[in-house]
Amino acid sequence: MSTIVMTGGTSGFGAVAAGRMLEAGDVRLILGTRRPGARGASSSADAGRPELIPLDLTELDAVRDCAAVLRERLGDTAIDALVLNGGIIRPDVAGRTAEGFETTFAVNHLAHYLLLRLLLPILAERATVVLTTSGTHDPATGAGLVPPRHADAQLLAHPERDPGLDSRPRRAGQHAYTASKLCAVLVVRSLSERPDAQAGRLTVIAYDPGQVFGTGLAKDLSLPLRMAWSLFGTPLGGPLRRFSPTLNSRTDAGNALADLALGRTTPPPGHTYAALRRGHLTWIDPSDLARKPEVAQALWTDSANLVALPT
């Protein structure tokens, strides 16, 4: 039986992915979620349904508690796939976590970085790690959001210290999101250069699902944006996907994520960035900034310092 641990698996294309994983059979799926009472899930092993563990990505202590509960529940069982899919976008950078970090950066990057670091020792031989990123991290994608200027963890955690911070809240919020997704690609790069990954004992993938309407990503945005996001996620949004290769349905995005986690789809040699285009996975290069080793190393080190872990 394969053991898969996942965040962001109770709504949107993450829920589609979770369902597909369970349909594969012989899979033990454990979801970290803020909604432990989600329909169709249980807090213990139950055939055909995921197990739930409380996880609040806005609190680093909650991430540490989640990792501790996982270790206790799994015992000697190793994790075959770790899927870090949870994410948010906010209309500004005014939100702060319990630790005082900007909320989008903390949820999308810092909490997942901490969970990854804490669970690395209990990953199975030839385990798969998938971090959900976004094509918005790359200016060449032309996604319409403000592209990231940097991946400086200290400035992203405390944007008020950033001399380049946009005074317009909406654009500053977009930058927080795209920069956090750049961080996901950079973490994958750093992890892929570890000896266990280099030796083929660990498969690491940054997954770009494209733009997927109708998910919970936009829940913190303004009412008009939420309504448009929801509407385009219905069959009415189908025609839009004919004109843009980056637009994908929840079903296609979820199925592709599940196939990566299950090992049904594996990266070609030398590739770690999987981008869903017109419903099909492509293995392309990420942005220029994401390919700079010194940027990846600085992010790994600074993130470790922020969460009080050794580098």
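Structure: see above.
If you're wondering where the values come from, they're calculated on a predicted model, not measured in any experiment. (Residues numbered from 1 in each chain as written. Predicted model: local features only at pLDDT ≥ 70, side-chain atom pairs only at ≥ 80, totals over all residues. Heavy atoms only, no water.)

### What about the sheet that holds strand β5 (residues 123–132)?
- Strand order in the open sheet made by the 8 strands is β3-β2-β1-β4-β5-β6-β7-β8, with mixed pairing throughout. In this open sheet, the two strands that pair with only one neighbour each are β3 (51–54) and β8 (280–283). When the angles between neighbouring strand axes are averaged without regard to direction, this sheet yields 25 degrees.
- Pairing of strand β2 (residues 27–33) with β3 involves 4 bridges; the strand directions are parallel. Within β3, the position partnered with Ile-30 by the bridge is Glu-51.
- Contacts from helix α5 (residues 169–192) reach β5, β6 (202–208) and β7 (273–277), with the element oriented near 165 degrees to β6. (Pairing = 2+ DSSP bridges. Helix = DSSP H or I, 4+ residues; strand = E, 2+ residues; numbered from the N terminus. Axes fitted to C-alpha atoms, helices over the stretch in contact; angles between N-to-C directions. Contact = heavy atoms within 4.5 Å.)

### Some points on unusual backbone geometry
- Of note in this structure, Asp-26 is not a glycine but carries a positive phi near 55 degrees.
- Mapped onto the fold, Asp-26 is located in the loop between α1 (12–23) and β2.
- At Ala-308, a position not held by glycine, the phi torsion is positive, near 60 degrees.
- Looking at the secondary structure, you find Ala-308 in the segment after α9 (293–306).

### A short note on the pattern of salt bridges
- Applying the stated rule across the entire model yields 15 salt bridges.
- Here Arg-20 ties to Asp-259 by a salt bridge, and the two come within 3.0 Å at their closest N and O atoms. You can see Arg-20 sitting in helix α1 and its partner Asp-259 sitting in helix α8 (residues 250–262), a full 239 residues away along the chain.
- Judged by its relative accessible area of 26%, Arg-20 is partly exposed.
- Owing to a relative accessible area of 15%, Asp-259 belongs among the buried residues under this scheme.
- Between Asp-196 and Arg-194 there is a salt bridge; the shortest N-O distance is 3.7 Å.
- Looking at Asp-196, the relative accessible area reads 23%, which means it is partly exposed. (Salt bridge = Lys/Arg side-chain N within 4 Å of Asp/Glu carboxyl O. Buried < 20%, exposed > 50% of the residue type's maximum accessible area, 1.4 Å probe, protein only.)

### Some words on the environment of Pro-209
- Along the polypeptide, Pro-209 turns up in the loop between β6 and α7 (223–232).
- By relative accessible area, which is 4% here, Pro-209 ends up buried.
- It is 6.7 Å that separates the C-alpha atoms of Pro-209 and Ser-134, two residues lying 75 residues apart in sequence.

### Re the pairing of strand β1 (residues 2–7)
- The element β1 is largely enclosed, with a buried count of 5 among its 6 residues.
- Two elements, β1 and β2, share 6 bridges in a ladder whose sense is parallel. What sits directly across from Ser-2, in β2, is Val-27.
- In this structure, β1 lies alongside strand β4 (residues 79–84), joined through 4 bridges in parallel fashion.

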